[in-house]
Amino acid sequence: RDRAKTAAGLRTRAVPPFAALAIVVFLWESAGHLFALPMSVALPSQIVAELLANPVQVWNNVQPTIIGAVAGFFIASTAAIILASVTAMIPRTSGATYTGAVLLQALPLVALSPVLIVIMGTGPEIRVTIAAIAGFFPILVACIQGMRQVSRTTDELFDQLNTTRWQRYRYLQVPGALPYVFGGLRVSASAAVLGAILSEWAGANDGLGVAMIYAMSGFNPPALWMYILLSTVLSLTFYTVVAAAERRVIGWSAGGDGARS
């Protein structure tokens, strides 16, 4: 029964975005047959033909982006959760933590990427770094907000029980913060993919961003739109995987999407 409920919950999260994408693709193809679209706009049927013509090359461009985004997402999640935990157990550190996070978020990644490339080079490290920076802030804010959402009644109960800071963190703040944490993780997962692609645009040896640049310079609309759609599907897949993990870990939490979007 629990598995069936988890699967049903996952479908409610995963199906709508992919269904919306499918509808857009259908309307896109139909418009191409009914109207004269610009030469720079490839039809979905042309995109599929491009994909089937070069599957190995496509995978060789998709794989580095996936690896960089996953690694960056893991680093961002770990760092954000650790910092949020420190803030929860030592509240006076919250000001410095928030200030540093806001400053990092305020840095334009478009301008930061070339600077980091000069320092780190065009290897996979730059892709992981930009993906981690892009995904860090949503998780940190969600974690801190979640750990602060403690009901007054429960808080007073823990005070009466003379619990330690560790006990409050483990048994009160962490369980209550989990829905918020996963909300931040879902946003961060998609942001990490975009961060990885952005780093490839700034300078890399391979990846979806590099493939887009080559497609544009060679004026190959089917290839360009193929990589754009693959980037979209990749972001949706990351989002769906985190949503599946959320259902597995906190299936008891049925609502509250407003705080976890």
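Residues numbered from 1 in each chain as written. Predicted model: local features only at pLDDT ≥ 70, side-chain atom pairs only at ≥ 80, totals over all residues. Heavy atoms only, no water.

Below, the discussion takes up the overall build of the protein chain. For the protein chain, the helix and strand inventory stands at ten helices and zero strands. Taking all 261 residues of the protein chain together, 41% fall into the buried category. Contacts in the protein chain between residues far apart in sequence, at least 24 positions, make up 75% of those at least 6 positions apart. When the accessible surface of the protein chain is summed, it comes to about 14100 Å², and 68% of that surface belongs to carbon and sulfur atoms. (Helix = DSSP H or I, 4+ residues; strand = E, 2+ residues; numbered from the N terminus. Buried < 20%, exposed > 50% of the residue type's maximum accessible area, 1.4 Å probe, protein only. Contact = heavy atoms within 4.5 Å. Areas by Shrake-Rupley, 256 points an atom, 1.4 Å probe, with all protein chains shown as cover.)

Considering the arrangement of structural elements, one finds T87 in helix α3 (residues 55–89). At 3.4 Å, the side chain of T87 forms a polar contact with the side chain of T97. Setting aside residues up to four positions removed in sequence, T87 forms contacts with T93, S94, T97 and I144. (Polar contact = N/O pair within 3.5 Å; in protein donor to acceptor, adjacent residues only side chain to side chain.)

Time to look at the nonpolar core. If you look at the biggest cluster of nonpolar residues, it comprises 47 residues, and the most contacted ones within it are F73, L140, L185 and Y227. At the level of secondary structure, the elements contributing two or more residues to this core comprise α1 (2–34), α3, α6 (124–148), α8 (165–202), α9 (208–217) and α10 (221–249). (Core = buried A, V, L, I, M, F, W, Y, C linked by side-chain atoms within 4.5 Å.)

With that out of the way, let us pick up the pattern of salt bridges. Inspection of every chain in the model, using the stated rule, returns three salt bridges. For the salt bridge of D206 with R127, the shortest nitrogen-to-oxygen distance reads 2.9 Å. One end of the pair, D206, is in the loop between α8 and α9; the other, R127, is in helix α6, and 79 residues separate them in sequence. Residue class for R127 comes out buried when judged on its relative accessible area of 5%. The shortest N-O distance in the salt bridge between E246 and R186 comes to 3.0 Å. (Salt bridge = Lys/Arg side-chain N within 4 Å of Asp/Glu carboxyl O.)

Attention shifts here to unusual backbone geometry. In the Ramachandran plot, F219 falls in the positive-phi region, its phi being about 45 degrees despite a non-glycine side chain. Within the secondary structure layout, F219 lies in the loop between α9 and α10.

Before going further, it helps to examine a nonpolar patch on the surface. There is a patch of nonpolar side chains on the surface, built from V115, V118, I119 and M120 and spanning about 410 Å² of accessible area. With respect to the helices and strands, I119 occurs in helix α5 (residues 109–120). (Patch = residues over 30% accessible without salt bridge, like charges linked within 9 Å, V, L, I, M, F, W, Y side chains within 5 Å.)

This brings us to the side chain of S199. Note that S199 resides in helix α8. You can call S199 buried: its relative accessible area is 1%. There is a polar contact of 2.6 Å between the side chain of S199 and the backbone oxygen of A196. The residues touching S199, leaving out its near neighbours within four places in the chain, are S113, I117, I126, R127, I130 and A204.

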